[in-house]
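Structural characterization, general
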Amino acid sequence: MKEVLALLLLSLCCCLSRGLGDNRDSEGYQGTGASLAVCLPDTCALFRELAAMKERLGTMDQMQAALKESFGAMGQKLGAVETKLQGSESQVEELKKVNTAQEEELKALKKSLSTAQPKVAFSVALRDSGSGNIGPFTTNTPLQYKRVFSNAGSSYNPATGIFTAMVRGMYCFRYSMYSNNSGRPNSVVSLMKNSEMLVTTWNTDDSMNVHESASNAAVVQLEVGDSVYIQLWANRVLYDDSNNYNTFTGFLLFTV
């Protein structure tokens, strides 16, 4: 645009020179006079157009400078965004690594717990064959549950009816009791920890309703060597047969 403006100015100068020369020839040149100040109509219009073009060129230069500055600012912002994005990607990769490491640690911990936690559980019934009453005995007597459904950890002894804790922990125990099958009900049993009575079930009603069951349970902390068993009270009886009415169950909840 500036080159075009320069060409227009050059053409204007040439036109003015020819105009002045024509005036000297036609009117006679009288020295420096007012003829230099003469402005032809077309020339004035051309001057105004050139002035307007110059003004527009100045405005376009300003707009170009503003656009350049705006593009520069946008470039800086894009650079900052790209830097942040790269930083975020790096953080994501680091988090993935941390997450993977934590998953591996969790797997190792679960494996360690599964191998370190002792497996202790048993479930037994009073008779392994036959039917009939158990008792009465002249003294309180531990019941020998002879039919073994399960005995993980081998902490229950079917020869004595006693569970012995091999590890320190919290244990859950439950038992069921079935009254004598004939005559007046006369059944009382207790869950014992060493020589301590924990819970008891009774059925000594004077009526002849003998076909009754009862159960009880407790959660207790045991030390290594503690014993747990079911005790039949002196002069009391239980009935059992292949239906396994009388059961004794226990298991380790967790070590302490």
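Residues numbered from 1 in each chain as written. Predicted model: local features only at pLDDT ≥ 70, side-chain atom pairs only at ≥ 80, totals over all residues. Heavy atoms only, no water.

Thoughts on the UniProt feature "coiled-coil region" (unreviewed entry) in the chain
In the numbering used here, UniProt assigns the "coiled-coil region" (unreviewed entry) feature to residues 78-112. Regarding residues 78-112, the helix share stands at 100% and the strand share at 0%, and the terminal C-alpha atoms are separated by 50 Å. (UniProt positions renumbered as here; feature names shortened; annotations may be inferred. Helix = DSSP H or I, 4+ residues; strand = E, 2+ residues; numbered from the N terminus.)

A word on the pattern of salt bridges
All chains considered together, the criterion is met by one salt bridge. Residue Glu223 is joined to Arg168 by a salt bridge in which the shortest nitrogen-to-oxygen separation is 2.8 Å. Of this pair, Glu223 sits in the loop between strand E10 (213-222) and strand E11 (227-232) while Arg168 sits in the loop between strand E6 (162-164) and strand E7 (169-178), and the two are 55 residues apart along the sequence. Judged by its relative accessible area of 36%, Arg168 falls in the partly exposed class. (Salt bridge = Lys/Arg side-chain N within 4 Å of Asp/Glu carboxyl O. Buried < 20%, exposed > 50% of the residue type's maximum accessible area, 1.4 Å probe, protein only.)

Observations regarding unusual backbone geometry
Each neighbour pair has its own omega, and for Gly135 with Pro136 the value is 0°, a cis peptide bond. Turning to its location among the elements, Pro136 is positioned in the loop between strand E2 (132-134) and strand E3 (141-142). In this structure, Asn194 is a non-glycine residue whose phi angle is positive, near 55°. On the basis of relative accessibility, which here comes to 33%, the residue Asn194 falls in the partly exposed class.

Quick look at the confidence of the model for the chain
Per-chain confidence: the chain averages 81 in pLDDT, with 79% of residues scoring 70 or above. Throughout residues 19-37 the model reports pLDDT below 50, and contacts reaching past four residues in sequence, or to other chains, amount to four contacts. (pLDDT = per-residue confidence, 0-100. Contact = heavy atoms within 4.5 Å.)

Focus on the nonpolar core
Leu143, Phe163, Phe173, Leu191 and Phe248 are the most contacted members of the largest nonpolar core, which totals 26 residues. For this core, the leading source of residues is E7, giving four residues. Once residues within four sequence positions are removed from consideration, Leu191 is found in contact with Phe173, Tyr175, Glu196, Met197, Leu198, Val199, Ala218, Val228, Tyr229, Ile230 and Phe248. (Core = buried A, V, L, I, M, F, W, Y, C linked by side-chain atoms within 4.5 Å.)

A closer look at the sheet that holds strand E13 (residues 247-255)
The five strands lie next to each other as E4-E1-E13-E7-E10, forming an open sheet whose pairing is antiparallel. Both edges of this open sheet fall to strand E4 (147-152) and E10, since each of them pairs with a single strand only. Pairwise comparison of adjacent strand axes, ignoring direction, gives a mean angle of 10° for this sheet. Pairing between E7 and E10: ten bridges, direction antiparallel. Bridge assignment links Arg174 to a residue of E10, and that residue is Ala217. (Pairing = 2+ DSSP bridges. Axes fitted to C-alpha atoms, helices over the stretch in contact; angles between N-to-C directions.)

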